[in-house]
Amino acid sequence: MITGNDFYKVMCAMVPLYFAMLVAYSSVKWWKIFTPEQCSGINRFVAVFAVPVLSFHFISQNNPYQMDTKFILADTFSKVLVLVSLSVWAIFFRGGLDWLITLFSVATLPNTLVMGIPLLQAMYGDFTQSLMVQLVVLQCIIWYTLLLFLFEYRAATLLIQAQFPGSAAAAISKFELDDDVISLDGRDPLRTESEMDPNGRTIRVRIRRSTSSAADNHSTLSPSITITPRASNLSNAEIFSVNTPPPLLPHDIAFGHADLALGYRSASPRQSGYASSDAYSLQPTPRASNFNELETTTATTAANTPVWSRSPVAGRVFRQASPAFSGVKMVWESPGKCAQGERQGCKDVMVAGKEISFRDSTKIQMPDEADTKGAPTGQEMPHAFVVLRLILIVVGRKLSRNPNTYSSVLGLLWSLISFKWNVGMPSLVKYSIKIISDAGLGMAMFSLGLFMALQPRIIACGTKRATVGMVIRFLCGPIIMSAASLAVGLRGEQLHAAIVQAALPQGIVPFVFAREYGLHPDILSTGVIFGMLVSLPVTLLYYIFLGL
């Protein structure tokens, strides 16, 4: 039976966190203390330092040799059960990969680190801190990695379908990525270069960013043309509102948005607002580019330098004859023909007998309702191992640039060493970490308050979707977790803790991924904001009901 003292202990643990969130919300919404740019700096600190150090602090103090096997099995079984059920629905009932990813995020990935540890510790005692830390380790190392893999698989599928429609992709035997290609999320303009075999089939594809390819073009074709950086022209509302990437305009498709060296001068390409360290950050500051705003320039060069100009015929770019490039034959075809599938190699270059096809670079469109239920009619894909290798490379690159990855792995390694050989952390290091980790919970909630204040609407996805999302988050999730816990033999307070943990609000990282990849960010945003408001009364109801 829950007593008044038990209820007061929960309030003492949670009210300070909500107070920090309320102060941040008021500072932006009503008091106008912080500007959006200042909010971005605060969130950057939270993303790079506060939350990773907080994760390291909890993980390094948890004994990995005393992990609760049944509790871990129950959590793992519940997530696997949801994933398998959604996979069956997506494959056999044409639910689609998009909704599989979104529903999996909503149903199984709560905010365990920030909300779970203090709440469960106040409800059921100190032993729950170890349980929550174990779940945090699994989330960071396994489940967030799996979620990132699914997002990158979706992005790779869209990229292949856009660049190699029909049967053109079936012959691809290898993808090569430049070092500066971190993700296929579509926020950075990407360019694909295809090497053809003698039969005209694509056998190798190189993926590169337009900036890197532009640098090569400058050195080869026109060294005098340089990139002209241009400041972002996004308003504060546009920067911090939850929007998916804009749809492509027809002229966006034309060879990397008139890729810098072909008779046009454009602004510097978009650098993704989500830096690799922003795995927890709520307000990235997109550095927008006006790639779509092409300015026709007149190329005046020396006698033997190629001169590029735009033809009055839309979509064609012609090159004047030049003795310096007499051994190179370049044919530039209309994007319309390429789109209609009349010719797979939209741009062909003959260099010493080898044919290389330079396909259009483009920002891959990531619509809210992208049709990834299956490949379009007649669409073929490369071999599964070829695609798998591509996805593993980009996932590895993103994880290697994420401070939460390092904090989780280093914390786990230190705990393995510390509890194995009874080695204590030096006081100098311990208290240096503690001074930042002590601010981690408060700063994370403060960051949530800033995020809430900067959104135009609390319920961004509409009432119907918000209701369905809340039902999945606070009802279906705990029901599935309770079934999995009972199946593995979990009983008593551990069972209660598992159920309440499943009713925590939506995790932050799934929302960051959703916005980065343009997949239902409004639903995840509503889950974060509205879920934080209703989670406390909901978890209290579970706490009271389970204590009867």
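All values reported here derive from a predicted model rather than from experimental measurement.

## Remarks on the side chain of Ser60
Structurally, Ser60 can be placed in helix α2 (residues 36–60). Polar side-chain contacts of Ser60 include one of 2.7 Å to the backbone oxygen of Phe56. At 3.2 Å, the side chain of Ser60 and the backbone oxygen of His57 are in polar contact. Beyond its immediate chain neighbours, meaning those up to four positions away, Ser60 contacts Gly411, Trp414, Ser415, Phe419 and Met425.

## As for unusual backbone geometry
At Arg94, a residue that is not glycine, the phi angle is positive and equals roughly 55°. Judged by relative accessible area, which is 55%, Arg94 ranks as exposed. For Asn422, which is not glycine, the phi torsion reads 55° and is therefore positive. Relative to the helices and strands, Asn422 is located in the loop between α12 (403–421) and α13 (427–437). Its relative accessible area of 72% is what places Asn422 among the exposed residues.

## Quick word on the pattern of salt bridges
Taken as a whole and assessed by the stated rule, the structure comprises eleven salt bridges. When the shortest N-O distance is used, the salt bridge between Arg208 and Glu193 registers 2.6 Å. With a gap of 15 residues between them, Arg208 in strand β3 (residues 202–209) and Glu193 in strand β2 (residues 190–196) connect regions that are remote in the sequence. With a relative accessible area of 4%, Arg208 lands in the buried category. Its salt-bridge partner being Asp438, residue Lys434 comes within 2.9 Å of it at the nearest N-O pair. A network of salt bridges, in which partner residues are shared, links Asp178, Arg191, Glu193, Arg206 and Arg208.

## Looking at the packing of aromatic side chains
A complete count under the given rule lists eight aromatic pairs for this structure. Plain terms: the ring middles of Phe45 and Phe49 are 6.1 Å apart, the flat faces sit at 35° to each other, and that makes the pair tilted. Of this pair, Phe45 and Phe49 both sit in helix α2, four residues apart, which is roughly one turn of the helix. Given a relative accessible area of 33%, Phe45 falls into the partly exposed group. Judged by relative accessible area, which is 44%, Phe49 ranks as partly exposed. Consider the rings of Phe451 and Phe511, whose centres lie 5.1 Å apart with planes at 55°: the pair is tilted. You can see Phe451 sitting in helix α14 (residues 440–454) and its partner Phe511 sitting in helix α17 (residues 508–516), a full 60 residues away along the chain. No difference in accessibility class separates Phe451 from Phe511, as the two residues are buried. Among the aromatic side chains, those forming a connected cluster through ring pairs are Phe151, Phe513 and Tyr517.

What counts, and at which threshold
- Residues numbered from 1 in each chain as written.
- Predicted model: local features only at pLDDT ≥ 70, side-chain atom pairs only at ≥ 80, totals over all residues.
- Heavy atoms only, no water.
- Helix = DSSP H or I, 4+ residues; strand = E, 2+ residues; numbered from the N terminus.
- Polar contact = N/O pair within 3.5 Å; in protein donor to acceptor, adjacent residues only side chain to side chain.
- Contact = heavy atoms within 4.5 Å.
- Buried < 20%, exposed > 50% of the residue type's maximum accessible area, 1.4 Å probe, protein only.
- Salt bridge = Lys/Arg side-chain N within 4 Å of Asp/Glu carboxyl O.
- Phe/Tyr/Trp six-rings, centres within 6.5 Å; stacked < 30°, edge-to-face > 60°.

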